[in-house]
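Residue-level structural notes
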Amino acid sequence: MSDSLNTQLIHHPYSPPVGFEAVAPGVHKASTVLFPNVRALRTQEWKDKSGYTYGLHGTPTTFTLEERIATLEGGRFCVLAPSGLSAVALVDMAFLRQGDELLIPDNAYGPGKAFAEGELKAWGISHRYFDAMNPADLASRLSPATRMVWLEAPGSITLEFPDVPALTEVVRQANRQRGASERPIITAFDNTWGAGIAFNAFDLGVDVCMQALTKYPSGGADVLMGSVVTREEQLHQAVLMTHMRLGLGVGANDAELVLRGLNSIGVRYHAQDATTRDLAAWMQQQPGVVKVLHPAMPDSPGHHVWRRDARAAACLFSAVFDESIAQDRIDAFCDALQLFRLGWSWAGPISLCAPYNVSSIRTAPWPYKGGLVRFAVGLEAAEDLRADLAQALPALTA
Ligand SMILES: *Cc1c(COP(=O)(O)O)cnc(C)c1O
């Protein structure tokens, strides 16, 4: 070797001793992974975590996170995607082909519907909406072309808690009636709300579990990431191959932040749950509030199913206001809040709120005429958040 400093700095002979052990796992970054010889370069397998081949196919950091998310969800395999929404799209692309039909709950996460209405439709994959609160409605909409059913508990924004075991049983029954050579219907579940803490979605009968790690697993409002977890090897391989061909990867520093967030996900989930129930019950008593939607509220849709199937509830509740209160008053109430900030997403440290027009985001009838605000409760003290709501409520009638 010449005495070129460039070469010496890059091919430096020092390597630190092995055996370093700390609480946090190391953060490994790679596009290139180095092989000891050509034989290893040609033969190293990338599909089963027996080694490393290229940054996109995994590093010690992403493999570690995948294993922990699989554990969180009660599954066996996990792939990571750059956002929750990209994980939704990945599941769609892994299992749907031209001519297939997809069924989506009417109250599902909106951008996932937009992917079906945009890309999937353009690719010759049709979709229909169903009422997740009515398993008979799902049964009536299944057709020979149906290949996948999305599920979500509770519904986005309106928080109705569906009977997931009954819905997955409808799909299993349809699959039993299909010929052995026919592709079965896959049930894909958006588990962002339950986060692996409130219930085990696989035990409720789903095949594929997607989660926006952006929410609880991160917990910091500073990372975008998604996961797809499966129990069956065959399903995992389908997701993995599409994931590889799409070139989806996540950055090591983001994976590190989610690994750090997972240490406290259990305590954060339950702390935010307690504050949210407190605020939801208080809000229900306030003048001008017609209905508070939260699965733990006894008259919230699906409450009895939530009690049967779940151990906890996430940090979301929605308030429906009296129809006499105009939208500009509801907007003024949101603007008057000081601790609840305006913004999308949830499960971070700061409480958030956003007004929604429910009739514009669903096809099924919606029983309320008044406006709705969805609250996402952060980690602040319940009494401070309650005082914030109290000081802003007069703006509704000002
Ligand atoms: C936020 C969210 C997503 C999408 O996650 P992003 O990381 O923001 O893309 C998907 N599903 C649900 C239920 C969500 O709340």
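Definitions and cut-offs
Residues numbered from 1 in each chain as written. Predicted model: local features only at pLDDT ≥ 70, side-chain atom pairs only at ≥ 80, totals over all residues. Heavy atoms only, no water. Pairing = 2+ DSSP bridges. Helix = DSSP H or I, 4+ residues; strand = E, 2+ residues; numbered from the N terminus. Contact = heavy atoms within 4.5 Å. Axes fitted to C-alpha atoms, helices over the stretch in contact; angles between N-to-C directions. Near = heavy atom within 4 Å. Polar contact = N/O pair within 3.5 Å; in protein donor to acceptor, adjacent residues only side chain to side chain. Areas by Shrake-Rupley, 256 points an atom, 1.4 Å probe, with all protein chains shown as cover. Nonpolar A, V, L, I, M, F, W, Y, C, P; charged D, E, K, R; others polar. Phe/Tyr/Trp six-rings, centres within 6.5 Å; stacked < 30°, edge-to-face > 60°. Buried < 20%, exposed > 50% of the residue type's maximum accessible area, 1.4 Å probe, protein only. Lys NZ or Arg CZ within 6 Å of the ring centre and 35° of its normal. Domains from an automatic or database assignment. Buried area = accessible area lost by both parts, 1.4 Å probe. Salt bridge = Lys/Arg side-chain N within 4 Å of Asp/Glu carboxyl O.

1. Points about the sheet that holds strand β12 (residues 372-376)
- Strand order in the open sheet formed by five strands is β8-β9-β12-β11-β10, with mixed pairing between adjacent strands. For this open sheet the edge positions go to β8 (289-293) and β10 (341-342), each flanked by a neighbour on one side alone.
- Strand direction decides the pairing type here: strand β11 (residues 352-356) and β12, joined by five bridges, are antiparallel. Directly across from A354, in β12, lies its bridge partner R374.
- Against the sheet, helix α12 (residues 327-336) touches β9 (316-321), β10, β11 and β12, its axis set at about 175° to β11.

2. What about the sheet that holds strand β4 (residues 146-152)?
- Strand order in the open sheet formed by seven strands is β1-β7-β6-β5-β4-β2-β3, with mixed pairing between adjacent strands. Of all the strands in the sheet, just β1 (77-81) and β3 (126-130) have a single pairing partner and so form its edges. Within the sheet, the average angular offset between the axes of one strand and its neighbour, ignoring direction, is 20°.
- Bridge count for strand β6 (residues 208-212) against strand β7 (residues 226-230) is five bridges, and the pairing is antiparallel. The residue of β7 that forms the bridge with A212 is G226.

3. Looking at the site of the ligand
- What surrounds the ligand is a group of 13 residues, the closest being G84, L85, D190, T214 and K215.
- Between the ligand and the protein, one listed contact pairs a nitrogen atom with a side-chain N or O atom of D190 at 2.6 Å.
- K215 is positioned with one of its side-chain polar atoms (N or O) 2.6 Å from an oxygen atom of the ligand.
- Burial of the ligand by the protein amounts to 89% of the accessible area it has alone, namely 380 Å².
- Those elements giving two or more residues to the shell around the ligand turn out to be α4 (84-95) and β6.
- Considering only residue class, the shell around the ligand consists of six nonpolar, four polar and three charged.

4. Quick look at the packing of aromatic side chains
- Using the criterion set out here, one finds 13 aromatic pairs in the structure.
- Measuring from ring centre to ring centre gives 5.9 Å for W344 and Y356, while their planes differ by 55°; the resulting arrangement is tilted. Remark: Y356 occurs in strand β11 and W344 occurs in the loop between β10 and β11; sequence separation between them is 12 residues.
- Taking the relative accessible area as the measure of exposure, W344 reaches 63% and is therefore exposed.
- Taken together, the aromatic side chains of F317, F321, F333, F340 and F375 make up a single cluster linked through ring pairs.
- When the ring centre of Y129 is taken as origin, the NZ or CZ atom of K113, which lies over that ring, is 5.2 Å away.

5. As for the environment of E119
- Mapped onto the secondary structure, E119 falls in helix α5 (residues 110-122).
- It is 9.9 Å that separates the C-alpha atoms of E119 and M93, two residues lying 26 residues apart in sequence.

6. Comments concerning the domain arrangement of the protein chain
- Domain assignment breaks the protein chain into domain 1 (38-262) and domain 2 (265-396).
- If you average the C-alpha positions of domain 1 and of domain 2, the two centres end up 27 Å apart.
- Here domain 1 and domain 2 share an interface that buries about 2900 Å² over both sides, 63% of which is from carbon and sulfur atoms.
- When residues of domain 1 are sorted by the area they lose upon contact with domain 2, I157, W193 and Y216 head the list and together hold 28% of the total.
- Between domain 1 and domain 2 we count two salt bridges in total.
- Two residues, R308 and D163, come together in a salt bridge whose shortest N-O distance is 2.7 Å.

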